[in-house]
Amino acid sequence: MRIDPTALPDPWHSLHKLLADMDAEIEQVYVERGIKGVRPRFAYPLIRLAHTGPLTIRELAESLDRSHSAISQTIAAMRKEGLVTSEPGPDARTRQIDLTERGRSLVPFLEAEWRATHATVAELDGEVPYAMTTVVEELRRALERRSMRQRVVDHLVEPPQ
């Protein structure tokens, strides 16, 4: 009988949960200030659009170093909350994204929260023996030496056919 590998502890679970919990607490800061329907993941694109003006989804994704798919989903969620508009772009295949008045009005607070979050990360880095930012950079360098794909392939034991 095969063992269900998902029944074993997931080494990524604690990291995913920590990030989700941190986002939930940032979202709570918004709610406490009467800002409803805004998620922390909206801050980056809203701030960027405030500084660049309208962008296509592709341009926005590239400027944020995010995938087109991820930004497209975020834009859909932000449109639902009345934070951005989406109009036909220069050609039939593109959409031009811009801030609504509501979106624009939130940017000063979101910029303040962004700076406060960065200060918080720096504070946390000083409280733990291995700074999160240093660990992330060291992991990135290790993956440059040998990619995640190659590491997975090296450990992969495929079932017999």
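Everything below is about the structure printed above this text.
Just so it is clear, the model here is predicted, and its values are computed rather than measured. (Residues numbered from 1 in each chain as written. Predicted model: local features only at pLDDT ≥ 70, side-chain atom pairs only at ≥ 80, totals over all residues. Heavy atoms only, no water.)

### Re the overall build of the chain
For clarity, the threshold we go by: Numbered from the N terminus, helices here are DSSP runs of H or I no shorter than four residues, and strands are runs of E no shorter than two. Atoms counted for the radius of gyration: C-alpha only. Globule rule: 2.2 Å times the number of residues to the power 0.38. Exposure is judged per residue with a 1.4 Å probe applied to protein chains only, and the accessible area is read against the type maximum: over 50% gives exposed, under 20% gives buried, and values in between give partly exposed. Two residues form a contact once any of their heavy atoms are found within 4.5 Å. Using a 1.4 Å probe, the Shrake-Rupley method yields the accessible areas, and only the shown protein chains count as cover for residues.
Helices and strands together make up the secondary structure of the chain, namely 7 helices and 3 strands. Taken from the N to the C terminus, the helices and strands of the chain come in the order α-α-β-α-α-β-β-α-α-α. Here the chain has a C-alpha radius of gyration of 20 Å; the compact-globule value for 161 residues is 15 Å, and the former is much larger. Projecting the C-alpha coordinates of the chain onto the three principal axes gives extents of approximately 55 × 45 × 35 Å. Expressed as a percentage of its 161 residues, the buried residues of the chain come to 22%. Pairs at least 24 residues apart make up 45% of the contacts formed inside the chain by residues separated by at least 6 positions. Here the chain displays about 11900 Å² of accessible surface, and carbon together with sulfur accounts for 57% of that area.

### Things to note about the side chain of Thr100
Operational definition: A 3.5 Å cut-off defines polar contacts: any pair of N or O atoms within that distance qualifies, except that in protein one atom must be a possible hydrogen donor and the other a possible acceptor, and neighbouring residues in sequence count only when both atoms are side-chain atoms.
Assignment of secondary structure puts Thr100 in the loop between strand S3 (95–99) and helix H5 (101–127). Of note is the side chain of Thr100, whose polar atom sits 2.6 Å from the backbone oxygen of Gly82. Excluding anything up to four places from it in sequence, Thr100 contacts Gly82, Leu83, Val84 and Thr85.

### Concerning helix H3 (residues 57–64)
Test applied: The arc in question is the one spanned by the directions pointing from the helix axis to the C-beta atoms.
For H3, the complete set of buried residues consists of Ile57, Leu60, Ala61 and Leu64. Down the axis of H3, the buried side of the element spans an arc of 100°, and every buried residue falls inside it. Among the structural elements, helix H2 (40–52), strand S1 (55–56), helix H4 (68–80) and S3 are those in contact with the buried residues of H3. Following H3 by one or two positions, Asp65 adopts a phi angle in the positive range, close to 55°.

### Section: the nonpolar core
The criterion, for reference: Only buried residues count toward a nonpolar core, which is a set of Ala, Val, Leu, Ile, Met, Phe, Trp, Tyr and Cys residues joined through side-chain atoms within 4.5 Å.
Among the nonpolar cores identified, the biggest contains 24 residues, and Val38, Leu46, Val84 and Leu110 are the most heavily contacted of them. Secondary structure elements with two or more residues in this core: helix H1 (13–32), H2, H3, H4, S3 and H5. Aside from chain neighbours lying at most four places away, what touches Leu46 is Met78, Leu83, Val84, Leu99, Val107 and Leu110.

### Remarks on unusual backbone geometry
Notably, Asp65 is not glycine yet its phi reads approximately 55°, a positive angle. Relative to the elements of secondary structure, Asp65 occurs in the loop between H3 and H4.

### Describing the packing of H2 against H3
For the record, the criterion: Only C-alpha atoms enter the line fits that serve as axes; for helices the fit covers just the stretch in contact. Angles between N-to-C directions range over 0 to 180 degrees. Orientation labels follow simple angle bins: below 35 degrees gives roughly parallel, above 145 gives roughly antiparallel, 65 to 115 gives roughly perpendicular, and whatever is left gives oblique. Asp, Glu, Lys and Arg are counted as charged, while Ala, Val, Leu, Ile, Met, Phe, Trp, Tyr, Cys and Pro are counted as nonpolar; the rest, among them Gly, fall into the polar class.
Put simply, H2 and H3 touch, their axes get as near as 11 Å, and they point 110° apart. In terms of orientation, H2 and H3 fall into the roughly perpendicular class. Contacts between H2 and H3 involve Tyr44, Pro45, Arg48 and Leu49 from the former and Leu60, Ser63 and Leu64 from the latter. In terms of residue class, the contact of H2 with H3 is built from 5 nonpolar, 1 polar and 1 charged.

So far we have only geometry, and geometry alone does not tell us how the molecule works.
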